[in-house]
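Examining the three-dimensional arrangement
So you can see what is in the structure, the chains are spelled out below.
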Amino acid sequence: MSSGDASQAVALLAGLELLTAVLLAWRGPASSPRGPLAVQGFALAGLVAVIGVAEGEPVLWLVALLVGVLKGVVLPTLVVRRPSRAAGPAAPPAADRPATVRPVVRPAVVRGRSRVPLLLGAAGLVVVAYLAARPVTRVVTGATGQALPVGFALVLVGFALLATGRRSQSQLVGFLVLDNGIATTAFLATGGVPLVVELGVSLDVLLVVLVLQVLGSRIDTAFGAGAPGGTDLDQLRELHD
Amino acid sequence: MSGVRLGLLTVLGLALVAAVAGGALGTAARQRVSPLLGALVGAAAVWTGALAWSGGTGRVVVGTVLPGVTAAYAPDRLGGAFLVLVGGVTVLASVWAFDGARGTAASRTAWVAYPLFVLGLLGVMAAADVVAFLLAWEVMAVASAVLVLADHARRPEVVGAGLWYAGMTQLSFLLVLGGFAVLASAAGGTGWSDLARLAPDAGATGAGVGLLLLGFVTKAGAVPVHVWLPRAHPEAPSHVSALMSAAMVKAGVYGVLLVVVRLLPAGPSWWGLALLVVGSASAVFGILQAGVAADLKRLLAYSTTENVGLILVAVGAAQVTTARGDVETGHVLLVAALLLTFGHAAAKSVLFLTAGSVLHATGLRDLDRLGGLGRTMPWTCGAFGVAALGAAGLPVTAGFVAEWTLLQALVHAGGPADPRLGLVSALAVTVVALTAGLALMTFTKAFGIAFLGRPRSDGAAAAHEVGRAERLAAAVGALAVLGLGLVPGPMATAAVRALGVDGVTAAGTTLAAGVRLGGVAPAPGSAGEAASGTAALVPVLDPLALGLAALAALVVVAGVVARLRRRAPRRAVELGWGCGGARVSPRMQYTATSYAEPLVRIFDAPLGVSRSVATTTADAPYVVRAMSFRQRVRDVFEEHGYRPLLRAAARVGDAGRALHNGSVHRYLAWSFATFVVVLGLAAR
């Protein structure tokens, strides 16, 4: 693979990541985030593989495989998984619940918010990312340098999703996009991350997602999941000592 | 290894052992071992300080967590003098604690914090650079806050006192930190020798010194940053109160002397004027509040503010006179400041320790309920009486010598050559004179109401003399008060040495200024001898002769009384009514409140007094069944200075609550916004 081809491939895959991020920002509350997340994860894995080929480092292929499995398959599946009542310990019948916890019954169809402000915001964030990445792109030359602002953009868009997501699931999605952004930046800026580091980071992310998923399920069982994607987190704002 | 270095290491080792022992030992063993170790730390500090005071040098360097940053401890003569002071007070307080520290004051936490507190205090006096000073200062601040809070579980007012104390002591630390940071960055080094090279009239130096002085007077308890003192001193265990009032407050004084005298002796005169103003306000306000206080330990605490005020007046006047060219008077004033410091430390440690003994014997701090303790507690009464003489500045005590030197030096400052300085010193003389008069009234009240007359409550009636250790500590302290007052010569000579002022000249001026401090003789041919030639024109006072005269007068009075008594045999006076002078009921005696009533009437406004009289009448309007009188003296600085400030801070805090409403989105949005802003700034 020549350096021109590698540059093209990197640009293509990075563009794919950015596109999926915008898709995730645009998606309505009813649609599943699984597909775009999986595509983003595979694109990231592809990016690692291309860098591995271009730099001639076989270890990076292993890293690519790890990233592909984790971010392309495991994490997207975990995010959309609903707590199955049959598999877990039997949920207490309604009569046994403490009187203070009242299940909130919400309509099945949630009126979605307008996605236009978020889309416009994402576009603005991408511009910000390109501006902010200038000092770095000046230093990092070669095939990967040109795509580096995409990593920044992913971080910013992911953070925006995290901050605006109303449900625990959309916040998880934002978190994963943020993490993908960090990983993309790391790979593009350094030309590959050592296997040990990548292993550690991946395990951390897996753990965080698992914990958040369990926490989200607990919240849903306590307050009742009226809508797809979990409880409206804006309702949980009472501070306690 | 030099003696000073050995001494510093001994102090450090003993204090650490004491802290560990305080934490590890059981209750019974702790009660015996911890005070002993405390006294040993104090004794080692006295030894080290004496060596450094007489010119010995030694250096201990302590590493810190930060690489390349070390803290050096190497006391000079002035530091040595303060080491002796702190060590001496520590010995007294620790000996007293053998019997006196009980209950929560003898808890594990308290006995861990106590040696660390002493260690911090000693470190402040021994520090040779900024890092060492700040490190020790913070150890002292934190450990003393822990000690103030010793009794927090039983009495809720301790928590309030502890909060005020912690807040003010950290404020003081921050001011000192800021001041030293400014000076060190201007000087390009953190050692005292680096700071001493600064140009005194540069802007940065002025700003740094201003911050430092503010921080130091906060620790010293001067007006208007005194508010922690009348709260923390009464609520702390009594031996800790003694240590705080006699030694810790002096850390602030030491800081002032360090900056104004040792590091930057050629500073502009506004430093001294500022100290003079603060000192005058503290002296008058402190003694006024002490005069009307009915709580014994609160009275002593306000009297500390007064004494610190006098010391600051002396230092400030010394700085001003030196800056205006009258170097000799300036030196005498500095000697007076050091004499005041030592005199106050001796008297106040005894007063707080005996107040603690009274508290143990009666369970009371309220003077209005005490009385007649002189008969049941003769040792405590005698020690308190001597120390009260010292605190009031009466002859044959250290306080008298110091205040007399201060007054004489102030009277002689300025003169016709410099009318502006003369005006300043005249005002200062007025302040000192007013303070001395009010102090006399205050301590007459404290001693007379508590120890004379008849008991005003059951607690006071059931009083008993306290244990041997408590009596020993009080008696030794009282002897120190008398000794410094009767033979002040060696102390004055040592003070001259500690301050590094030209010994002979200063001693000669002291002579000319009217106090003969025995043991200081002017060298032949010096300015001092020339001054002593004119000594005949100035009334010279010899403390020893004064003491002998007092003793002679005492003998005469005792003889006359004994003779009269023999002539007129004791008759029982039985009067059916009280106006003939017989105090038929304890309730017909003066109380602390009624004794101070004239003072309250004169100084109504600055004291902020509110009182109410409630009368319960029977059926007919003129048949009074009961009357109750309630009087509250407020601290005007707290009422009109701190309360509004605290309320404003609380309002700002409430407004800040709008920033966080419990919504996770709000928090994430804050961090997201911060992230974008930082990114934008970084990419610029």
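Residues numbered from 1 in each chain as written. Chains lettered and ligands numbered in written order. Predicted model: local features only at pLDDT ≥ 70, side-chain atom pairs only at ≥ 80, totals over all residues. Heavy atoms only, no water.

Broken down by element type, chain B carries 28 helices and four strands. Burial status across chain B gives 51% buried among its 684 residues. Pairs at least 24 apart in sequence give 79% of the contacts found in chain B among residues at least 6 apart. By element, 67% of the accessible surface of chain B is carried by carbon and sulfur atoms, the whole surface being about 28,300 Å². (Helix = DSSP H or I, 4+ residues; strand = E, 2+ residues; numbered from the N terminus. Buried < 20%, exposed > 50% of the residue type's maximum accessible area, 1.4 Å probe, protein only. Contact = heavy atoms within 4.5 Å. Areas by Shrake-Rupley, 256 points an atom, 1.4 Å probe, with all protein chains shown as cover.)

What follows concerns the overall build of chain A. In terms of regular secondary structure, chain A is built from eight helices and zero strands. When the helices and strands of chain A are placed in sequence order, the string is α-α-α-α-α-α-α-α. Pairs at least 24 residues apart make up 76% of the contacts formed inside chain A by residues separated by at least 6 positions. A total accessible area of about 12,500 Å² is found for chain A, and carbon and sulfur atoms account for 68% of it.

Attention now goes to unusual backbone geometry. Residues and elements named next belong to chain B. Between Val 223 and the following residue, Pro 224, the backbone shows a cis peptide bond with an omega angle of 0°. Locating Pro 224 in the fold gives a position in the loop between helix H8 (203-220) and helix H9 (229-235). Phi is positive for Val 396, close to 65°, though the residue is something other than glycine. As for its position among the elements, Val 396 is in the loop between helix H15 (378-392) and helix H16 (398-412).

Since the α-helix packs 3.6 residues into each turn, any two residues three or four apart lie on the same face. Helix length check: helix H17 (residues 419-451) of chain B (33 residues) gives 47 Å between terminal C-alpha atoms against 48 Å at 1.5 Å per residue, within 8%. Backbone geometry just after H17 of chain B places Gly 453 of chain B at a positive phi near 70°. (Expected span 1.5 Å × (residues − 1).)

So, about the pattern of salt bridges. Residues and elements named next belong to chain B. Overall, the coordinates contain 16 salt bridges over all chains when judged by the stated rule. Residues Asp 151 and Arg 155 are paired through a salt bridge, measuring 3.0 Å at the closest nitrogen-oxygen approach. Given a relative accessible area of 8%, Asp 151 falls into the buried group. Overall, the relative accessible area of 22% leaves Arg 155 in the partly exposed class. Arg 369 is the partner of Asp 366 in a salt bridge, and the nearest nitrogen-oxygen pair spans 3.9 Å. Since its relative accessible area comes to 29%, Asp 366 is described here as partly exposed. Ionic contacts of the salt-bridge type, sharing partners, join the residues Asp 151, Arg 154, Arg 155, Glu 157, Glu 235, Asp 295 and Arg 365 into one network. (Salt bridge = Lys/Arg side-chain N within 4 Å of Asp/Glu carboxyl O.)

We now examine the nonpolar core. Residue and element names in this part refer to chain B. Leu 121, Phe 133, Phe 180 and Met 244 are the most contacted members of the largest nonpolar core, which has 131 residues in total. The element that contributes the greatest number of residues to this core is helix H10 (residues 238-263), accounting for 17 residues. If we skip the residues at most four places from it in the chain, Leu 121 touches Val 86, Met 140, Leu 243, Ala 247, Met 248 and Ala 251. (Core = buried A, V, L, I, M, F, W, Y, C linked by side-chain atoms within 4.5 Å.)

All names here are of chain B. In this sheet, strand E2 (residues 70-73) lies alongside strand E1 (residues 60-63) in antiparallel orientation, the contact comprising four bridges. Across the sheet, residue Val 62 finds its bridge partner in E2, namely Ala 71. Counting the residues that bridge the hairpin from E1 to E2 gives six residues, and of these Gly 68 lies at a positive phi of roughly 85°. (Pairing = 2+ DSSP bridges.)

Residue-level contacts link 15 residues of chain B with 20 residues of chain A. In this assembly, chain B and chain A are joined by zero salt bridges. Inspection of the chain B/chain A interface yields one residue pair in polar contact (both at pLDDT 80 or more). Of the residues that constitute the side of chain B that touches chain A, the class distribution is nine nonpolar, six polar and no charged. (Polar contact = N/O pair within 3.5 Å; in protein donor to acceptor, adjacent residues only side chain to side chain. Nonpolar A, V, L, I, M, F, W, Y, C, P; charged D, E, K, R; others polar.)

This part covers helix H20 (residues 489-499) of chain B. All names here are of chain B. Most of H20 is tucked away: eight of the 11 residues are buried. When we look at burial in H20, the residues that qualify are Gly 489, Met 491, Ala 492, Ala 494, Ala 495, Val 496, Ala 498 and Leu 499. Downstream of H20 by a residue or two, Gly 500 has a phi angle that is positive, lying close to 70°.

Here we take up the packing of aromatic side chains. Residues and elements named next belong to chain B. Throughout the structure, instances matching the rule amount to 22 aromatic pairs over all chains. Relative to Phe 637, the ring of Phe 285 lies with its centre 4.9 Å away and its plane at 85°, an arrangement referred to as edge-to-face. Of this pair, Phe 285 sits in helix H11 (residues 269-292) while Phe 637 sits in helix H27 (residues 636-656); the two residues are 352 residues apart in sequence, bridging distant segments of the chain. Accessibility expressed as a relative area gives 8% for Phe 285, which makes it buried. Note that Lys 219 overlies the ring of Trp 228, its terminal NZ or CZ placed 5.9 Å from the centroid. (Phe/Tyr/Trp six-rings, centres within 6.5 Å; stacked < 30°, edge-to-face > 60°. Lys NZ or Arg CZ within 6 Å of the ring centre and 35° of its normal.)

All names here are of chain B. By volume, the largest pocket is sized at about 1,300 Å³. Here the lining of the largest pocket gets five residues from one element, more than from any other, and that element is strand E4 (residues 624-633). Here the residues of the lining of the largest pocket are counted per class, giving 12 nonpolar, six polar and 17 charged. Counting contributing residues, the lining of the largest pocket receives three or more from each of domain 1 (1-267) and domain 2 (608-652). (1 Å grid on protein atoms, 1.4 Å probe; cavity = no way out; pocket = protein on both sides within 12 Å on 5 of 7 lines; lining within 4 Å. Points joined across faces, edges and corners; volume = space filled by probe spheres on them. Domains from an automatic or database assignment.)

Attention now moves to the packing of helix H1 (residues 3-26) of chain A against helix H7 (residues 168-190) of chain A. Residues and elements named next belong to chain A. Contact geometry for H1 and H7: axes closest at 11 Å, N-to-C directions at 165°. One finds that H1 runs roughly antiparallel with respect to H7. Remark: the crossing between H1 and H7 carries left-handed chirality. Taking contact as the criterion, the partners of Val 10, Glu 17, Ala 21 and Leu 24 in H1 are, on H7, Val 173, Val 177, Asn 180, Thr 184 and Leu 188. (Axes fitted to C-alpha atoms, helices over the stretch in contact; angles between N-to-C directions. Parallel < 35°, antiparallel > 145°, perpendicular 65-115°, else oblique. Left-handed = near helix turned anticlockwise from the far one by under 90°.)

Turning our attention to the environment of Leu 406 of chain B. All names here are of chain B. Within the secondary structure layout, Leu 406 lies in helix H16. For Leu 406, a relative accessible area of 0% corresponds to the buried category. For the pair Leu 406 and Leu 334, spaced 72 residues apart in sequence, the C-alpha separation works out to 8.9 Å. Aside from chain neighbours lying at most four places away, what touches Leu 406 is Leu 310, Ala 314, Leu 333, Ala 336, Leu 340 and Val 432.

This next bit is on the environment of Val 41 of chain B. Residue and element names in this part refer to chain B. Take Val 41: it is sitting in helix H2 (residues 27-53). Distance from Val 41 to Thr 10, taken between C-alpha atoms, is 8.0 Å for residues 31 residues apart in sequence. Apart from residues no more than four positions distant in its own chain, Val 41 is found in contact with Val 11, Leu 14, Ala 15, Val 118 and Leu 122.

Looking now at the side chain of Asp 295 of chain B. Mapped onto the elements of the fold, Asp 295 of chain B is located in the loop between H11 and helix H12 (296-323). A distance of 2.8 Å separates the side chain of Asp 295 of chain B from the side chain of Arg 365 of chain B, its partner in a polar contact.

All names here are of chain A. The residue Ser 202 is located in helix H8 (residues 195-223) in this model. Taking relative accessible area as the criterion, Ser 202 reaches 6% and is therefore assigned buried. A polar contact is formed between the side chain of Ser 202 and the backbone oxygen of Glu 198, at a distance of 2.7 Å.

This next bit is on the packing of helix H3 (residues 77-100) of chain B against helix H19 (residues 468-486) of chain B. Residues and elements named next belong to chain B. Viewed as axis vectors pointing N to C, H3 and H19 meet at an angle of 155°, and their least axial separation amounts to 6 Å. With respect to their mutual orientation, H3 and H19 come out roughly antiparallel. Between H3 and H19 lies a crossing of left-handed hand. Facing H3, whose interface residues are Leu 92, Val 95, Trp 96, Phe 98, Asp 99 and Gly 100, H19 presents Arg 468, Ala 469, Glu 470, Leu 472, Ala 473, Val 476 and Gly 477. Class assignment of the residues belonging to the contact of H3 with H19 gives a composition of eight nonpolar, two polar and three charged.

Residues and elements named next belong to chain B. Note that strand E3 (residues 609-617) and E4 share nine bridges and pair antiparallel. Looking across to E4, one finds that Ser 610 is bridged to Arg 632. Joining the antiparallel neighbours E3 and E4 is a turn of six residues.

Bringing the environment of Ala 683 of chain B into the picture now. Among the structural elements, Ala 683 of chain B can be located in the segment after helix H28 (664-682). Excluding its chain neighbours within four sequence positions, the residues that come into contact with Ala 683 of chain B are Leu 131, Ala 132 and Pro 135 of chain A.

A low pLDDT score tells you not to read the predicted coordinates there in detail. Taken over all residues, the pLDDT of chain A has a mean of 78, while the share at 70 or more is 76%. The element-level mean pLDDT for chain A is lowest in helix H5 (residues 134-139) of chain A, coming to 78, with helix H2 (residues 34-55) of chain A highest at 90. (pLDDT = per-residue confidence, 0-100.)

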